[in-house]
Each structure stands twice: as C-alpha cells, then as structure tokens.
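Coordinate inspection notes
What follows is each chain in one-letter form.
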Amino acid sequence: MPVNSTADSESSTTDAGDEDLAALPINELFYSLQGEGTLAGVPSVFVRTSGCNLRCWFCDSYHTSWEPTHGTMSLDDIVAEVESHEKADHVVLTGGEPLIHEQPVELLERLDELGYHTTIETNGTIYRDAPIDLASISPKLASSTPTEEKDPKGDGEWAERHEERRIDVDALADLVDAYDSQLKFVVTGEDDLPEIEKLLERVRDATSTTIPDSDVLLMPEGVTREQLDDSRNTVAELAIEYGYRYTPRLHVDLWNDAPGT
Ligand SMILES: C[S@@+](CC[C@H](N)C(=O)[O-])C[C@H]1O[C@@H](n2cnc3c(N)ncnc32)[C@H](O)[C@@H]1O
Ligand SMILES: Nc1nc2[nH]cc(C(=O)O)c2c(=O)[nH]1
Ligand code: SF4
Ligand SMILES: [Mg+2]
C-alpha cells in the first residue's frame, strides 16, 4: 500500500500544527518481523510516519527525516490496512518521529480497542498520553549529530538544532514512568558508553520507576549487513562489559537494507 508516495515530498514535517487530525503522513506500511529490541522476532505491522524533529547523520529512514516523502492516509485506511494482515497482533508505530504528530494518540486508541499490542519507536524528546504497550525509546547520543563532516547533505546546517533537541530528560522520565519501556541506544563505538551511563543516571534520578539494566539495550549502528559485520561484535562485547542487553538488527541480518522490511 501507499509506499513512498511523492505527495507533498517537499515539506519537512516538523510542525504538526496545520495537519488534518483524521490523517497522517505515511512513508510506508508493511508486515515484517520486529527486528529490534525485546520483541525481536515477533511478526508485526509497521506504520511509518514521515517527518522528524532531529536529523541523525546515520538515519536509516532518510525519507522520513532528511528528505521526507509520504502520502497522506486517513486513520480509517491505516486501521483497515493493519487489519488486512490477518495474522498480525502486534503493531509498531515508527517514523520519522511519530510523536511530533498528534494523530498517533487516536490511532493507538483505535488499535488498542481492536486488541493489538502497540509499540512506539520514539527518540524520546516528546511525551504523549496514549495506550502504548511498549515505549521503545532511542535517545540520541552526541555521536548522532550531523556535523559538517557527517551530514548526508554536506553542510552541517542541522547540527546545532539537533544538538539542542536530542535530549529532554523530563520527556524521557515521563515516558519511562507512564509506559513499559526499553531504552535502545544506537552505538557507534566504545566512546558512546560514558555518555550512556551519565544519561541513565540523570533519567534514573528523574523517574519514580526502576530502570533495570536489562531494559537498556545496545544496538550496533549500521544500515547494511556489511556495516553490521564491522560493528556488531564490538557492541556485543560492550554489552557484556557494561551489563546491558545487546539487541541485533534482525531485519538487516535477514533482508539487508531492502525496503518494506
Ligand atoms: C528510524 S528510527 C524512527 C523512530 C525514532 N525517530 C527514533 O529514532 O527512535 C527507528 C529506529 O532505528 C534506529 N536507527 C536509525 N538509524 C540507525 C542506524 N544507522 N543504525 C542503527 N539503528 C538506527 C533508531 O535509533 C530507532 O531506534
Ligand atoms: N523489521 C523491522 N524492525 C524494526 N524495528 C524498528 C524499526 C524502525 O524502523 O523503527 C524497524 C524496521 O524498520 N524494520
Ligand atoms: S530521530 Fe529517528 S527518524 Fe529522526 S533522524 Fe534520528 S533515527 Fe531518523
Ligand atoms: Mg528501521
């Protein structure tokens, strides 16, 4: 279904103010296996919204952030498309950053009423109140910042905004307090670990919820199998050393960087 429609492809959806509340900008909708985190391997329908408030240089969903591309789908059509995958009982709402939009709240309410298990993949900068069964939070580290050398567009224009926005400890604490959650860090190397430890300390101080180390996940950075071949063992060894959980990128191992997986 509407995969990578070019409708409205010039807009960079960072301001949800004028949006139609009964519809969402959708980049792709597909049925696959959850590839990341504590539910890895579970057949799930993925609903990928377009538009993001950050610009990670490594973003594996370039056409939801750096160059947003999408068609507009009504919530009715999204729900119908989800239901067409008859074997699925898990839905993953991702992006882009799904929580820049308001409409996911109603979408999640409707999916919850239909009995689906709902996961939201979020960068953790925005809190919303919705029926979320698993908040899969991926706070962005300094190593994600699109400096001039790393910027896929080459000019470093987003570096400052990204840096200012990437961590909001109050939003992280609110998400962790409200929902069953996992903190899933994209790891580019051992230099990321001190920052992860410091951030965890701040979030733990700000929450009334206990965050066990088994809910802290280290995920290797990499969009292709070849890139993961270079990174996964380092990250697995860091997980052992620090006592956090390792998560594979199962979909990349299985299908490399094929769209709709
Ligand atoms: C495209 S993001 C969408 C959801 C949300 N914007 C976020 O970043 O959590 C989905 C997941 O992919 C991860 N991700 C993006 N690019 C990646 C890369 N190059 N290597 C590993 N994980 C990546 C993100 O950290 C996040 O956990
Ligand atoms: N199979 C598969 N699992 C995923 N888990 C989180 C994903 C995402 O892009 O948010 C993702 C994805 O893109 N594909
Ligand atoms: S926050 Fe998520 S969607 Fe946005 S640029 Fe980073 S990885 Fe991509
Ligand atoms: Mg993905």
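Rules and cut-offs
Residues numbered from 1 in each chain as written. Chains lettered and ligands numbered in written order. Predicted model: local features only at pLDDT ≥ 70, side-chain atom pairs only at ≥ 80, totals over all residues. Heavy atoms only, no water. Helix = DSSP H or I, 4+ residues; strand = E, 2+ residues; numbered from the N terminus. Contact = heavy atoms within 4.5 Å. UniProt positions renumbered as here; feature names shortened; annotations may be inferred. Near = heavy atom within 4 Å. Nonpolar A, V, L, I, M, F, W, Y, C, P; charged D, E, K, R; others polar. Pairing = 2+ DSSP bridges. Axes fitted to C-alpha atoms, helices over the stretch in contact; angles between N-to-C directions. Salt bridge = Lys/Arg side-chain N within 4 Å of Asp/Glu carboxyl O. Buried < 20%, exposed > 50% of the residue type's maximum accessible area, 1.4 Å probe, protein only. pLDDT = per-residue confidence, 0-100. Parallel < 35°, antiparallel > 145°, perpendicular 65-115°, else oblique. Left-handed = near helix turned anticlockwise from the far one by under 90°. Arc of directions from axis to C-beta. Polar contact = N/O pair within 3.5 Å; in protein donor to acceptor, adjacent residues only side chain to side chain. Areas by Shrake-Rupley, 256 points an atom, 1.4 Å probe, with all protein chains shown as cover.

Our next topic: the environment of Ile196. Structurally, Ile196 can be placed in helix 5 (residues 192-206). Taking the C-alpha atoms as reference points, Ile196 and Pro139, separated by 57 residues in sequence, lie 9.2 Å from one another. Residues in contact with Ile196, not counting those within four places in the same chain, are Leu141, Phe185, Val187, Leu218 and Tyr244.

Taking the UniProt record as the reference, the feature "domain: Radical SAM core" (unreviewed entry) is found at residues 39-257. As annotated, residues 39-257 has a helix share of 35% and a strand share of 18%, and its two end C-alpha atoms lie 20 Å apart.

What follows deals with the site of ligand 3. Close to ligand 3 lie Cys52, Leu54, Arg55, Cys56, Cys59, Ser65, Gly96, Asn123 and Lys140. Its residues assigned to classes, the shell around ligand 3 shows four nonpolar, three polar and two charged.

Our focus in this paragraph is the sheet that holds strand 7 (residues 181-187). Note on sheets: strands pair through backbone hydrogen bonds, and any given pair is parallel or antiparallel. On the basis of which strands lie adjacent, the open sheet formed by nine strands has the order 3-1-2-4-5-6-7-8-9 and mixed pairing. Here the strands that pair on one side only, and so sit at the sheet edges, are strand 3 (71-74) and strand 9 (245-246). Looking at chain direction, strand 6 (residues 134-137) and strand 7 are connected through three bridges and run parallel. Bridging across to strand 7, Ile137 finds its partner in Leu183. Contacting strand 1 (23-33), strand 4 (90-94) and strand 5 (117-122), helix 2 (residues 104-113) crosses the sheet at an angle of about 175° to strand 4.

Our focus in this paragraph is the pattern of salt bridges. All told, the structure shown has twelve salt bridges when counted by the stated rule. Note that Glu28 and Arg48 form a salt bridge whose closest N and O atoms lie 2.7 Å from each other. In this pair, Glu28 sits in strand 1 while Arg48 sits in strand 2 (residues 43-49), placing the two residues 20 residues apart along the sequence. Residues Glu28 and Arg48 agree in their burial class; the two are buried. With a shortest N-O distance of 2.8 Å, Glu36 and Arg249 are connected by a salt bridge. Of this pair, Glu36 sits in the loop between strand 1 and strand 2 while Arg249 sits in the loop between strand 9 and helix 7 (250-255), placing them 213 residues apart in sequence. Assigned by exposure class, Glu36 and Arg249 land together as buried.

In this section: the confidence of the model for the protein. The predicted model of the protein averages 94 in pLDDT, with 93% of residues at 70 or higher. Low confidence marks residues 1-15, where pLDDT is under 50. Its contacts with residues over four positions away, or in another chain, come to 38 contacts.

A separate point is the packing of helix 4 (residues 169-178) against helix 5. Running from N to C, helix 4 and helix 5 cross one another at 60°; their axes reach a closest spacing of 9 Å. Compared by their axis directions, helix 4 and helix 5 come out oblique. In this structure, helix 4 crosses over helix 5, and the sense of that crossing is right-handed. Listed contacts from helix 5 to Val169, Leu172, Ala173 and Asp177 of helix 4 are Leu199, Arg202, Val203 and Ala206. Here the contact of helix 4 with helix 5 is built from residues that sort into six nonpolar, no polar and two charged.

Our focus in this paragraph is helix 1 (residues 75-84). By the burial criterion, the buried members of helix 1 are Leu75, Ile78, Val79, Glu81 and Val82. Along the long axis of helix 1, the arc covered by the buried residues comes to 160°, so they all point the same way. Considering only its buried residues, helix 1 is in contact with strand 1, strand 2, strand 3, strand 4 and helix 2.

Not every one of the 22 residues close to ligand 1 is listed here, only the nearest: Phe58, Gly96, Ser138, Lys140 and Glu221. In the environment of ligand 1, a nitrogen atom lies 2.8 Å from a nitrogen or oxygen atom belonging to the backbone of Gly96. Contact distances for ligand 1 include 2.8 Å between an oxygen atom and a side-chain N or O atom of Ser138. When ligand 1 sits alone it has 540 Å² of accessible area, and the protein chains cover 96% of it. Elements supplying a minimum of two residues to the shell around ligand 1: strand 5, strand 7 and strand 8 (216-220). Tallied by class, residues from the shell around ligand 1 come to six nonpolar, eight polar and eight charged.

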